[in-house]
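# A closer look at the structure
If you want the building blocks of each chain, they are given just below.
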Amino acid sequence: MKVSAEYYDEIFPFKGEWDMESSCGLKIREIDGKKYVIVTELYQDNPGTSVTYAGRKLADQICEAKNLKLEDIVYLECTPNTNSKLSFYDEEYFQVDFFADMQHKYRQLSKEEVMRILK
Amino acid sequence: MDTIKLKLIYPKWNKLPGQTTFNLPPHGPVAFAATLPEYVDISFTDENVEPIDFDEECDVVALSMMLTTQVKRGWAIAEEYHKRGKKVLAGGISTMLHAEEMVNHVDSVFLGESEGRSEQVILDWKNGCLKKIYNFMGNQPPIESVGPCRRDLYKRDLYNHKGVQMVDLFNASRGCRFSCYPCAVSYLGGRKFRPRPVDKVVEDMAGIDNNRLFIVDNSLAQNKEWEKELFTAIAPLKKKWISHTIEDDPEVLDLAAKAGAWYVYQAVYDTSDYIKERVKRYHDYGIGVEGTILFGLDNQTEDDIKRLIDFLGEIDLDLAEFTIFAPFPHTKGHDDLLRQGRIFDFDWDHYNAGQVVYQPKNMSPEKLQDLYDYAWKSFYASETQESKMFRLFCNVALREMEEGTYRQRDRRLINKSFGRDVDRSVRNVNVRTESQQLKLN
């Protein structure tokens, strides 16, 4: 289940749960003055913690490395299409609000929203 | 070094209602025990087969936990020992999966595999500088360092049903190169298949005083050459064994059969001819098949599940085990359902794979629960689970008789089941049948 390189501009190594060596795909886009940080799960090429489980810990590491402020960015998690026969490996994008309660923390993006960000 | 008395405990969990319960000797605690230095004197209690004597003299306590349904009981046990002023360590699979919560309940959490690492924990405890977390995640010890388990710690009579000794669990490898949707093994043991050296496996297996084993490796079908070498090497031991999937290759299946393959767990995930043929091929080589059927994935509708249940009648499975998808932490399934806000039950006691803890995509939780109950009822309607198990047991006993390795039932334990008395009265037989029927209805 190799993830296509189209999903990221760089591989971002990070310390996952219990400091496990982990990796994700990373893209940063600026649209209308707003920074969109897109982290992509790499499955077999991520030796450690998933981007979702790492959550805020990963976001903080990206912000530190890229000199960003968490409150200033739109943080998106991407589970990429892996061309698996199994439907639960389809492409999905979720916006994560680390300051919201659990019920409102994740919001799935529509295809149109994704297109607008990635065009 | 003075002797240190360590109380090693495997906490109990609630078994699924209505199902035949067999208690197998747990592997994790005795694998951990084998990594402790000689000056540690271990007293082991598997709470599933005997009660804990909290007042038994000990210096330190270690909890070994495999299942998510063990963790809350583990925390309660830790509390009891804390009242007695004892330090409590925790390790094992579910400790790793639930480590964030575990640190709040025990004095020290061990993450990872313990070969070459456990003595440091003991020394730190002795020197009064026990760390809250020993973190070896992603840093596995050399696979060559995995040695024989401390099976001498088992009270064997407690793993015996009416004179028949239960299988011993055995690891021929660790890790997994697959990373399946509902599974956390790649997180726990590394996303790499790590086969043990075959000579070590043979030596280890030969030393087990039990002719029946369960090779609990996630899948043996990960490295064909190693698999062939393994089966060729263990054949002379004449052990009979259960395992998960074996490579679907005539040469490998033939070697497996000659090496003593008794029956395998095979996932039945659709109604394809491939599955039908896969089961047939195992049977062609004299290997039994227990189908494992997982319900509740997002690609399943009610009709899909009903078709799958009907399909089982066509493929001649020896046994079937049904489970409901459970979003265990550190699986993709957990991440997906968490993001989608579909997990409604975070009580770890309910993560027993027989209870719905999330909103299924294509049906209500109640409907999924009903279909799960219906599957058990339907599959075992004409012949009970215990009866089907007995037939598999007869198959292996006959093979052992032919090979001269059959051991008579232990007459001392003929009226015992896992340490408890068996009531063989007619009335009891009726009660069992009735209770099974209740479940089926």
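Definitions and limits used
- Residues numbered from 1 in each chain as written.
- Chains lettered and ligands numbered in written order.
- Predicted model: local features only at pLDDT ≥ 70, side-chain atom pairs only at ≥ 80, totals over all residues.
- Contact = placed C-beta atoms within 7 Å.
- Helix = DSSP H or I, 4+ residues; strand = E, 2+ residues; numbered from the N terminus.
- Nonpolar A, V, L, I, M, F, W, Y, C, P; charged D, E, K, R; others polar.
- Buried ≥ 20, exposed ≤ 12 C-beta atoms within 10 Å, placed from the backbone.
- Arc of directions from axis to C-beta.
- Expected span 1.5 Å × (residues − 1).
- Core = buried A, V, L, I, M, F, W, Y, C linked by C-beta atoms within 7 Å.
- Domains from an automatic or database assignment.
- Pairing = 2+ DSSP bridges.
- Axes fitted to C-alpha atoms, helices over the stretch in contact; angles between N-to-C directions.
- Parallel < 35°, antiparallel > 145°, perpendicular 65-115°, else oblique.

If you look at the interface, chain B gives 18 residues, while chain A gives 17 residues. If you tally residues by element for the side of chain B that touches chain A, the top one is helix 12 (residues 332-339) of chain B, at five residues. Looking at the side of chain B that touches chain A, its residues break down into six nonpolar, six polar and six charged.

With that settled, consider helix 8 (residues 224-234) of chain B. Residue and element names in this part refer to chain B. All buried positions along helix 8 are accounted for by E227, L230, F231 and I234. For helix 8, the arc enclosing every buried residue in end-on projection is 95°, short of the 170-degree limit, so these residues lie on one face. On the buried face of helix 8, the contacting elements are helix 7 (198-206) and helix 9 (250-258).

In this model, helix 14 (residues 385-403) of chain B (19 residues) spans 27 Å end to end at C-alpha, consistent with the 27 Å of a helix rising 1.5 Å per residue. G404(B) sits one or two residues past helix 14 of chain B and shows a positive phi near 75°.

Attention shifts here to the nonpolar core. Among the nonpolar cores identified, the biggest contains 102 residues, and L63(B), A90(B) and F295(B) are the most heavily contacted of them. In terms of domain composition, this core takes at least three residues from each of domain 1 (4-143) and domain 2 (148-400) of chain B.

This part covers the sheet that holds strand 5 (residues 108-111) of chain B. Residues and elements named next belong to chain B. The parallel open sheet is built from six strands, whose spatial order is 2-1-3-4-5-6. Edge strands, defined here as strands with exactly one partner in the open sheet, are strand 2 (40-46) and strand 6 (133-135). Across this sheet, the average inter-strand angle for adjacent strands is 20°, counted without regard to direction. Examined bridge by bridge, strand 5 and strand 6 share three bridges and lie parallel to one another. Its bridge partner lying in strand 6, L111 is registered against N135.

On to the domain arrangement of chain B. Residue and element names in this part refer to chain B. Assigned domains within chain B: domain 1 (4-143) and domain 2 (148-400). Here domain 1 and domain 2 have C-alpha centroids that lie 25 Å from each other. Taken together, the contacts link 28 residues of domain 1 with 33 residues of domain 2. Going through the elements one at a time, helix 1 (28-33), strand 2, helix 2 (71-83) and helix 3 (93-97) are the ones with two or more residues in the side of domain 1 that touches domain 2. Split into classes, the residues belonging to the side of domain 1 that touches domain 2 amount to 16 nonpolar, ten polar and two charged.

Glancing now at the packing of helix 11 (residues 302-312) of chain B against helix 13 (residues 365-379) of chain B. The axes of two packed helices give the description: the angle between them and the distance between them. Residues and elements named next belong to chain B. For the pair helix 11 and helix 13, the least separation of the axes is 10 Å and the interaxial angle reads 10°. Taken together, the axes of helix 11 and helix 13 lie roughly parallel to each other. Along the contact surface, helix 11 presents E302, I305, I309 and L312, while helix 13 presents K367, L371, Y374, A375, S378 and F379. Grouping the constituent residues of the contact of helix 11 with helix 13 by class yields seven nonpolar, one polar and two charged.

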